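The lines below spell out each chain.
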Amino acid sequence: MAVGQLGEVRTEQVRLFDHDSPLVLASGQRLSEVDVAYETYGELSPEKDNAVMICHALTGDAHAAGWHPGDRRPGWWDTLIGPGKPLDTDRLFVVCANLLGGCQGTTGPASPDPATGQPYGLDFPLLQVADFVTVHRALLAHLQIPRLLGLVGGSLGGMQVLEWTLSHPDEVENAVIVAASSRLSAQNIGFSAVGREAIMRDPEFSDGQYGARGTNPATGLAIARMLAHITYLSEEAMATKFGRRIQDAEQSGPGFGVDFAVESYLRHQGDTFLTRFDALSYLYLTRAMDWFEPFSEHDAAAVAAAGTRVLVVSFDSDWRFSTAHSRAIVRQLEAARVRVSFREVASPWGHDSFLLEVPDYHATVRAFLDRALDRSPAA
């Protein structure tokens, strides 16, 4: 446990599936043991009607807010979650879990296979976004929360929110989908494909058995992160942060090392990523994103029938999941007469805007959830 500005941050791990009750994946394959790491913030009301589930993005984890001992920075969505913030923990009970296939306390390909005692490696079954939702729903059942006041996520987290809202709308009163997509473009799939190739072509990948063999595809994973990070920033953001600034003003001339500040930044991003993420999780989670296409599998009319309200937010400088991706979601929901609101927010920071304190973005989410709590004058 940790205590910070947020008050008590409760960190837990629970086994939700076991040999007697295995997890059946959307593919039909099974996992005989599934552990899930999660954190909670705020207090659950006696009526259990103030719960909000947070779904994290590709490289996120359960630590969404507050501080742990030794932290250099707070949880990844600390700007949004806490007392008086858009997700007001004085009024809301917020839950965030590391998703299936992850590497921060929830079962994934680096976890030991109960049948062998060795890391699964590539023997871990392929996943779908629906599988992430299945495990999160099991966590809510464990917490005895029958229905969510809110379900909130950005990027891959927003894809999980969309899948959950379409597949089980009766469990979600209000859904917030930020900087997400319902169907990845060829460009998006291509970026992830290059990242996966960098990992799998690293000699230390060892056919996915690097955990058992004591190797690590660090070079490939760092390159994958460097490439992906370029897509998270807009050209304006990169120009503002780096421009063409030389990293070392005293260097004698050009070379093939780190000449420019942007090169230094990307190398730092790649190197620090190695301390907190696993290469196999990167493969499995990006592939699940590639195949995501929920409107081909679910009828959005069920969302309208359940009365679920949906907020979709995009950022005008996001070219990874551009506003066109968000508008495609909105059109599908509107066609089914779902109560959906849409807002494109001006921000210079690209896809990463969903993690930052952008005033119009936070005000939009706050107003939407205020109405859910019957605190808005418009309610």
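Residues numbered from 1 in each chain as written. Predicted model: local features only at pLDDT ≥ 70, side-chain atom pairs only at ≥ 80, totals over all residues. Heavy atoms only, no water.

Peer 1: Teacher, can you tell me more about the overall build of the protein chain here?
Peer 2: Within the protein chain one finds eleven helices and eleven strands. Compactness check: the protein chain gives a C-alpha radius of gyration of 21 Å against a globular reference of 21 Å for 379 residues, within 12% of the reference. Taken along its principal axes, the extent of the C-alpha atoms in the protein chain is 65 × 50 × 45 Å. The 379 residues of the protein chain split such that 54% are buried. Looking at the protein chain alone, contacts between residues at least 24 apart form 72% of all its contacts between residues at least 6 apart. Summed over all atoms, the accessible surface of the protein chain reaches about 16700 Å², with 49% contributed by carbon and sulfur. In the protein chain, 31 positive and 47 negative side-chain charges are present, and the distance between their average locations comes to 4 Å. (Helix = DSSP H or I, 4+ residues; strand = E, 2+ residues; numbered from the N terminus. Rg over C-alpha atoms; globule rule 2.2 N^0.38 Å. Buried < 20%, exposed > 50% of the residue type's maximum accessible area, 1.4 Å probe, protein only. Contact = heavy atoms within 4.5 Å. Areas by Shrake-Rupley, 256 points an atom, 1.4 Å probe, with all protein chains shown as cover. Lys, Arg positive; Asp, Glu negative; His and termini not counted. Charge placed at Lys NZ, Arg CZ, Asp CG, Glu CD.)

Peer 1: Please explain the pairing of strand β5 (residues 34-41) as it appears in this structure.
Peer 2: Moving residue by residue along a regular strand, the side chains alternate between the two faces of the sheet. Counted residue by residue, β5 has eight buried out of eight residues, so it is predominantly covered. Inspection of the sheet shows β5 paired to strand β7 (residues 93-97) by four bridges, in the antiparallel sense. By the bridge assignment for β7, Glu39 is matched with Cys96. (Pairing = 2+ DSSP bridges.)

Peer 1: How do you make sense of the pattern of salt bridges when you look at a structure like this?
Peer 2: Opposite charge on two side chains permits them to pair, given that their charged atoms come into close proximity. For the structure shown, the criterion picks out eleven salt bridges. A salt bridge links Arg201 to Glu197, with the shortest nitrogen-to-oxygen separation between them at 2.7 Å. When its relative accessible area of 67% is taken as the criterion, Arg201 is described as exposed. Linked by salt bridges that have partners in common, Arg15, Glu33 and Asp35 make up one network. (Salt bridge = Lys/Arg side-chain N within 4 Å of Asp/Glu carboxyl O.)

Peer 1: What should I look at first to understand the packing of aromatic side chains in this one?
Peer 2: Aromatic ring pairs are described here by two measures, namely the spacing of the ring centres and the angle between the planes. This structure, assessed with the given rule, holds ten aromatic pairs. Pairing Tyr120 with Phe124 gives two aromatic rings, centres 5.1 Å apart and planes at 75 degrees, and the pair type is edge-to-face. With respect to class, Tyr120 is no different from Phe124; both count as buried. Relative to Tyr265, the ring of Phe242 has its centre 4.8 Å away and its plane inclined at 45 degrees; by these criteria the two rings are tilted. Placement of the pair is Phe242 in the loop between α6 (235-241) and α7 (261-273) and Tyr265 in helix α7, with a sequence separation of 23 residues. The exposure class assigned to Tyr265 is buried, which follows from its relative accessible area of 18%. Grouped by ring-pair contacts, the aromatic residues Trp76, Trp77 and Phe354 constitute a single cluster. The ring centre of Phe273 lies 4.7 Å from the NZ or CZ of Arg225, which sits over that ring. Stacked on the ring of Phe368, the Lys or Arg Arg309 has its end atom at 4.2 Å from the ring centre. (Phe/Tyr/Trp six-rings, centres within 6.5 Å; stacked < 30°, edge-to-face > 60°. Lys NZ or Arg CZ within 6 Å of the ring centre and 35° of its normal.)

Peer 1: What should I look at first to understand the nonpolar core in this one?
Peer 2: The tendency in soluble globular proteins is for nonpolar side chains to be buried as a group. One finds Met53, Leu100, Phe132, Leu139, Tyr282 and Leu333 to be the most contacted residues of the largest nonpolar core, which totals 72 residues. The dominant element in this core, judged by the number of residues it contributes, is helix α8 (residues 279-290), at eight residues. Ranked by size, the runner-up nonpolar core spans 31 residues in total, among them Leu87, Cys96, Leu311 and Val345. (Core = buried A, V, L, I, M, F, W, Y, C linked by side-chain atoms within 4.5 Å.)

Peer 1: Any chance you could explain the packing of helix α3 (residues 186-200) against α8 here in plain terms?
Peer 2: Between two packed helices, what matters for the description is the angle formed by their axes and the separation of those axes. The N-to-C vectors of α3 and α8 enclose an angle of 155 degrees; their axes lie 10 Å apart at closest approach. Classified by the angle their axes make, α3 and α8 are roughly antiparallel. The handedness of the crossing between α3 and α8 is left-handed. Residue-level contacts link Ile189, Ser192, Arg196, Ile199 and Met200 of α3 to Ala279, Tyr282, Leu283, Thr286, Arg287 and Asp290 of α8. The residue makeup of the contact of α3 with α8, split by class, is six nonpolar, two polar and three charged. (Axes fitted to C-alpha atoms, helices over the stretch in contact; angles between N-to-C directions. Parallel < 35°, antiparallel > 145°, perpendicular 65-115°, else oblique. Left-handed = near helix turned anticlockwise from the far one by under 90°. Nonpolar A, V, L, I, M, F, W, Y, C, P; charged D, E, K, R; others polar.)

Peer 1: Could you clarify how one ought to interpret the side chain of Ser182 in this entry?
Peer 2: Looking at the element boundaries, Ser182 is found in the loop between β9 (174-178) and α3. Apart from residues no more than four positions distant in its own chain, Ser182 is found in contact with Leu162, Phe292, Glu293, Pro294, Phe295 and Ile329.

Peer 1: Would you mind going over the packing of helix α1 (residues 129-142) against helix α2 (residues 156-167) with me for this structure?
Peer 2: Put simply, α1 and α2 touch, their axes get as near as 9 Å, and they point 75 degrees apart. Taken together, α1 and α2 sit at an angle that is classed as roughly perpendicular. Packed against α1, whose contacting residues are Val129, Ala130, Phe132, Val133, His136, Arg137 and Leu140, the element α2 presents Leu156, Met159, Gln160, Glu163 and Trp164 at the interface. Class assignment of the residues belonging to the contact of α1 with α2 gives a composition of eight nonpolar, two polar and two charged.

Peer 1: It is not clear to me how helix α5 (residues 218-232) should be interpreted in this structure. Could you clarify?
Peer 2: Side chains that are three or four residues apart share a direction in an α-helix, a result of its 3.6 residues per turn. Under the 1.5 Å per step criterion, the end-to-end length of α5 is 21 Å for 15 residues, consistent within 8% with the ideal 21 Å. Of the positions making up α5, those classed as buried are Gly220, Leu221, Ala222, Ala224, Arg225, Ala228, His229, Thr231 and Tyr232. The inward-facing, buried residues of α5 contact α3, α7 and α8. (Expected span 1.5 Å × (residues − 1).)

Peer 1: So what exactly am I meant to see when it comes to the pairing of β7 here?
Peer 2: Most of β7 sits out of view: five of its five residues are buried. Every second residue of β7 is oriented toward a common face, with Phe93, Val95 and Ala97 on one face and Val94 and Cys96 on the other, all of them buried. Pairing between strand β6 (residues 51-55) and β7: four bridges, direction parallel. Across the sheet, the residue bridging to Ala51 is Phe93, located in β7.

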